[in-house]
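Secondary and tertiary structure notes
So the chains spell out like this:
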Amino acid sequence: MSHDIPYTLAMMVKRLAMNAPLCLLFVAGGIGHFVSTPKFLGLMEGLPFPSLHTLAVHVTGVMEIILGFAILVHPSPNVCYALMALVTAMTPANINMCV
């Protein structure tokens, strides 16, 4: 029985070490949506529905923060799928930034 406890602790530490950088990346990016809103709005110039750009920046910021912590606290396939969907939804603005 005593062998199970260190193994479980070791797995938890390994999971945290692997997921912490991804968590920090998304949480910092999400906070950036609020700290540098004009910069993020500039990335969306020329995209449709300009009246919704501010809302989109704030919603994606909140989602990045929530999902960033979720990947650390409760990593699951659903959290990963949600992160992939979020990144996919933000791709047009990222492409617009590069063009």
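Refer to the structure printed above.
Numbers given to residues run from 1 along each chain, matching the order in which its sequence is written. Local features are withheld for residues below a pLDDT of 70 in this predicted model, meaning they are given only at 70 or higher, and side-chain atom pairs are given and counted only at 80 or more; totals for whole chains, interfaces and linings count all residues. To get the side-chain values, all heavy atoms of the structure are used, and hydrogens and water are removed first.

**As for the overall build of the protein chain**
Put simply, DSSP marks the helices as runs of H or I at least four residues long and the strands as runs of E at least two long, and each gets a number from the N terminus on. Along the protein chain, the regular secondary structure elements total four helices and zero strands. Secondary structure of the protein chain in N-to-C order comes out as α-α-α-α. Relative to the compact-globule value of 13 Å for 99 residues, the protein chain shows a C-alpha radius of gyration of 17 Å, a clear excess of over 25%. Principal-axis analysis of the C-alpha atoms places the extent of the protein chain at approximately 60 × 25 × 20 Å. When accessible area is computed with a 1.4 Å probe and restricted to protein chains, residues below 20% of their type maximum are described as buried, those above 50% as exposed, and intermediate ones as partly exposed. For the protein chain, the proportion of its 99 residues judged to be buried stands at 25%. Throughout, a residue-residue contact means that at least one pair of heavy atoms, one from each residue, lies within 4.5 Å. In the protein chain, the share of contacts with a sequence separation of at least 24, taken over all contacts with a separation of at least 6, comes to 68%. Here the Shrake-Rupley method, with its probe set to 1.4 Å, supplies the accessible areas, and only the displayed protein chains count as covering residues. Carbon and sulfur atoms form 77% of the exposed surface of the protein chain, whose accessible area is close to 6800 Å². Taken over C-alpha atoms, the radius of gyration is set against a globule rule of 2.2 Å times the number of residues to the power 0.38.

**Thoughts on the nonpolar core**
Judged by nonpolar contacts, Cys23, Phe26, Val27, Leu67, Ala70, Ile71, Val79, Leu83, Leu86 and Met90 together constitute the single largest core of ten residues. Only helix 1 (4–35), helix 3 (53–73) and helix 4 (77–98) provide two or more residues apiece to this core. Setting aside residues no more than four positions away along its own chain, isoleucine 71 makes contact with Asn19, Leu22, Cys23, Val79, Cys80 and Leu83. In plain words, nonpolar cores are sets of buried Ala, Val, Leu, Ile, Met, Phe, Trp, Tyr and Cys residues tied together by side-chain atoms within 4.5 Å.

**Considerations on helix 3**
Spacing of three or four residues puts side chains on the same side of an α-helix, whose turn is 3.6 residues. Multiplying 1.5 Å by the residue count of a helix minus one yields the expected span of that helix. An ideal rise of 1.5 Å per residue puts 30 Å on 21 residues; helix 3 measures up with 30 Å between its terminal C-alpha atoms. Among the residues making up helix 3, those that are buried are His53, Val57, Thr60, Gly61, Glu64, Leu67, Gly68, Ala70 and Ile71.

**As for the environment of leucine 9**
Assignment of secondary structure puts leucine 9 in helix 1. Taking relative accessible area as the criterion, leucine 9 reaches 47% and is therefore assigned partly exposed. As for leucine 9 and threonine 91, which are separated by 82 residues in sequence, their C-alpha atoms are 37 Å apart.

**Considering the side chain of asparagine 19**
Here asparagine 19 is to be found in helix 1. In contact with asparagine 19, other than residues within four places in its own chain, are Ile71, Leu72 and Pro75.

**Side note on helix 4**
Its 22 residues give helix 4 an end-to-end C-alpha distance of 30 Å, which sits within 8% of 32 Å, the value for a rise of 1.5 Å per residue. Of all the bends in helix 4, the greatest reaches close to 40° and is centred on threonine 91; the proline proline 92 follows between one and four positions later. Note that the bend at a residue is defined as the angle between axes fitted to the seven residues ending at it and the seven residues starting at it.

**Details of the environment of methionine 63**
Here methionine 63 lies in helix 3. Since its relative accessible area comes to 33%, methionine 63 is described here as partly exposed. Spatially, the C-alpha atom of methionine 63 lies 7.8 Å from that of leucine 86, the residues being 23 residues apart in sequence. The contact partners of methionine 63, leaving out residues within four places of it in the chain, are Gly68 and Leu86.

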